[in-house]
Amino acid sequence: GVGRAHRGHIYCGVISIGSWNWTSLAGALMSRRALGRQTLRYLIVGGGNVAFTLAVFWLFDRLWTDTIGVQAVYWSSSLIGIINGFIWQRILVWRSTGSWRKEFLKFVVVNLAVSIANSGLLFLTVTLIGWPAFLSQVAITAVLVLTTFLINRAWVFRAGRPQGATAHDTSN
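A. Seen up close, a nonpolar patch on the surface. A cluster of nonpolar side chains, namely Trp58, Leu59, Leu63, Trp64, Ile68, Phe134, Leu135 and Val138, defines an oily patch on the protein surface of about 730 Å² accessible area. With five residues, the top contributor of residues to the nonpolar patch is helix α1 (residues 22-68). Assignment of secondary structure puts Trp64 in helix α1.

B. Quick peek at the layout of surface pockets. The calculated volume of the largest pocket comes to roughly 500 Å³. Along the walls of the largest pocket sit 26 residues, with Asn49, Val50, Thr53, Asn111 and Thr141 positioned nearest its centre. Put simply, the parts of the chain that give the lining of the largest pocket at least two residues each are α1, α2 (70-93), α3 (100-129) and α4 (133-156). The element best represented in the lining of the largest pocket is α1, accounting for nine residues. Classifying every residue of the lining of the largest pocket by side-chain character gives 11 nonpolar, 15 polar and no charged.

C. Looking closely at the side chain of Thr53. Looking at the element boundaries, Thr53 is found in helix α1. Not counting chain neighbours up to four residues away, the residues in contact with Thr53 comprise Ser77, Ser78 and Gly81.

D. Spatial organisation of the packing of aromatic side chains. Scanning the entire structure with this criterion turns up 10 aromatic pairs. For the ring pair Trp94 and Phe157, a centre distance of 5.6 Å and an interplane angle of 15 degrees mean the geometry is stacked. Pair noted here: Trp94 is in the loop between α2 and α3 and Phe157 is in the segment after α4, with a separation of 63 residues, a long-range link. Neither residue differs from the other here; Trp94 and Phe157 are each classed as buried.

E. View of the packing of α3 against α4. In contact at an axis separation of 9 Å, α3 and α4 are set at 150 degrees when each is read in the N-to-C sense. In terms of orientation, α3 and α4 fall into the roughly antiparallel class. Pair α3 / α4 crosses with right-handed handedness. Judged by residue contacts, Glu103, Lys106, Phe107, Val109, Val110, Asn111, Val114, Asn118, Leu121, Leu122, Thr125 and Val126 of α3 engage Ala133, Ser136, Gln137, Ile140, Thr141, Leu144, Thr148, Ile151, Asn152, Trp155 and Val156 from α4. Residues of the contact of α3 with α4, tallied by class, amount to 13 nonpolar, eight polar and two charged.

F. Main features of the pattern of salt bridges. Tallying each qualifying case throughout the model produces two salt bridges. A salt bridge links Asp61 to Arg62; its shortest N-O distance comes to 3.4 Å. Under the relative-accessibility criterion, Arg62 is labelled exposed at 54%. Residue Glu103 pairs with Arg90 through a salt bridge whose shortest N-O separation is 2.7 Å. Taken together, the positions of Glu103 in helix α3 and Arg90 in helix α2 put the pair 13 residues apart, joining distant regions of the chain. Relative accessible area serves as the criterion here: at 15%, Arg90 is assigned to the buried category.

What counts and what doesn't
Residues numbered from 1 in each chain as written. Predicted model: local features only at pLDDT ≥ 70, side-chain atom pairs only at ≥ 80, totals over all residues. Heavy atoms only, no water. Patch = residues over 30% accessible without salt bridge, like charges linked within 9 Å, V, L, I, M, F, W, Y side chains within 5 Å. Areas by Shrake-Rupley, 256 points an atom, 1.4 Å probe, with all protein chains shown as cover. Salt bridge = Lys/Arg side-chain N within 4 Å of Asp/Glu carboxyl O. Helix = DSSP H or I, 4+ residues; strand = E, 2+ residues; numbered from the N terminus. 1 Å grid on protein atoms, 1.4 Å probe; cavity = no way out; pocket = protein on both sides within 12 Å on 5 of 7 lines; lining within 4 Å. Points joined across faces, edges and corners; volume = space filled by probe spheres on them. Nonpolar A, V, L, I, M, F, W, Y, C, P; charged D, E, K, R; others polar. Contact = heavy atoms within 4.5 Å. Phe/Tyr/Trp six-rings, centres within 6.5 Å; stacked < 30°, edge-to-face > 60°. Buried < 20%, exposed > 50% of the residue type's maximum accessible area, 1.4 Å probe, protein only. Axes fitted to C-alpha atoms, helices over the stretch in contact; angles between N-to-C directions. Parallel < 35°, antiparallel > 145°, perpendicular 65-115°, else oblique. Left-handed = near helix turned anticlockwise from the far one by under 90°.

Pasting the structure below:
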């Protein structure tokens, strides 16, 4: 359901319907700082991984696009970026202690879904519209970052949070 019932009120996190839940409000305000730190770590690690993956894409594009095509270049660089991203996000962003195999499987599922969307958008922009491959990839990457963050926070690394930590509270 939407919330849990307690003394005749349905609590939905920060407020309850019918009265304020001050404990949850204080926790939410305090956890904003932790969420801010986590978001900053995600942006730094993610930015580094995006730069790394784009560098691999650029190199492969220069070496092999004429031979193997832009899709093969994209999927090759994406696979390398997924592995690199998992390692650094697990350690530095989410600070996970969960099963790395389960998290890696979920991470791969999320990133494959994002990669399929990316591939379709790359086909649209490069093959159908005729935009340059590298600039198209930069624009597409910018669009998909937020979605990936939210899914990783809510699903991929949720089980690996320290005991008692919330989605926002991973700054330890």
